[in-house]
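Okay, here's what each chain looks like letter by letter:
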Amino acid sequence: QGICIFLAQLLGSVTGASILSFVFPQDQDRTESLGSNKISEGFTAGQVLLGEGMMTFLLVFVVLETAVNPASAAQRIMACLAIGLAVFLAHSVLLPVDGCSINPTRSFGPALVASCRKNSSDLFQDMWVFWLGPLAGATLAAFAYHLLKG
């Protein structure tokens, strides 16, 4: 099931970026890359890795505590608000840093479609950061959730 969800997210990301490429002609795309994630000037890969990891940790931990934890079942209706605020916080912090990924598949689709459109692969140069950071943050959140649930 997890593999199917992962593949569906990859397909959805590529599909969404493809639709964007039809809506925004290349000369009208202000990001010049369909909103692909990249390390902004003045930031290092280490800083972005830490930021992506922390914000993904926050998001996944909030999801686990509000939408998954049986102890929060009575307040489950408020989970969407808490999750939305976590996503808002992540974007508030990371948009100027790297465009805010917090989901590796979200980074993959725009980079792939924009690379095909520009005939360039430079958008994949820092892609490892947008996979490793969120995957590490999500793993740590799951570990912390199970540790605290104990």
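Higher on the page you've got the structure.
Source: prediction; values computed, not measured.

**Some words on the overall build of the protein**
So, step 1. Helix and strand counts for the protein come out as five helices and zero strands.
So, step 2. The secondary structure elements of the protein, listed N-terminal to C-terminal, are α-α-α-α-α.
So, step 3. Buried positions account for 34% of the 150 residues belonging to the protein.
So, step 4. Nonlocal contacts in the protein, meaning residues at least 24 apart in sequence, comprise 74% of its contacts between residues at least 6 apart.
So, step 5. Positive and negative side-chain charges of the protein, numbering 7 and 9 respectively, have mean locations separated by a distance of 8 Å.

**What to know about helix H4 (residues 104–118)**
So, step 1. Between the first and last C-alpha of H4 there are 21 Å, a value that for 15 residues agrees with the 21 Å anticipated at 1.5 Å per step.
So, step 2. Along H4, the residues classified as buried are Pro104, Thr105, Ser107, Gly109, Pro110, Ala111, Val113, Ala114 and Ser115.
So, step 3. Positive backbone phi, approximately 55°, marks asparagine 119, located one or two places after H4.

**Quick look at empty space enclosed by the protein**
So, step 1. Taken as a whole and judged by the stated rule, the model has one cavity of 30 Å³ or more.
So, step 2. Taken together, Gln26, Asp29, Glu32, Ser33, Leu34, Ala114, Arg117 and Lys118 form the lining of the largest cavity.
So, step 3. Across the lining of the largest cavity, the residue classes break down as two nonpolar, two polar and four charged.

**So, the pattern of salt bridges**
So, step 1. Taken as a whole, this structure holds one salt bridge when the rule is applied.
So, step 2. A salt bridge links aspartate 29 to arginine 117, with the nearest nitrogen and oxygen atoms 3.9 Å apart. Residue aspartate 29 is located in the loop between helix H1 (2–23) and helix H2 (45–68), and its partner arginine 117 is located in helix H4; the two are separated by 88 residues in the primary sequence.
So, step 3. Using a relative accessible area of 10% as the deciding quantity, one classes aspartate 29 as buried.

Here is what the cut-offs are and how they apply
- Residues numbered from 1 in each chain as written.
- Predicted model: local features only at pLDDT ≥ 70, side-chain atom pairs only at ≥ 80, totals over all residues.
- Heavy atoms only, no water.
- Helix = DSSP H or I, 4+ residues; strand = E, 2+ residues; numbered from the N terminus.
- Buried < 20%, exposed > 50% of the residue type's maximum accessible area, 1.4 Å probe, protein only.
- Contact = heavy atoms within 4.5 Å.
- Lys, Arg positive; Asp, Glu negative; His and termini not counted.
- Charge placed at Lys NZ, Arg CZ, Asp CG, Glu CD.
- Expected span 1.5 Å × (residues − 1).
- 1 Å grid on protein atoms, 1.4 Å probe; cavity = no way out; pocket = protein on both sides within 12 Å on 5 of 7 lines; lining within 4 Å.
- Points joined across faces, edges and corners; volume = space filled by probe spheres on them.
- Nonpolar A, V, L, I, M, F, W, Y, C, P; charged D, E, K, R; others polar.
- Salt bridge = Lys/Arg side-chain N within 4 Å of Asp/Glu carboxyl O.

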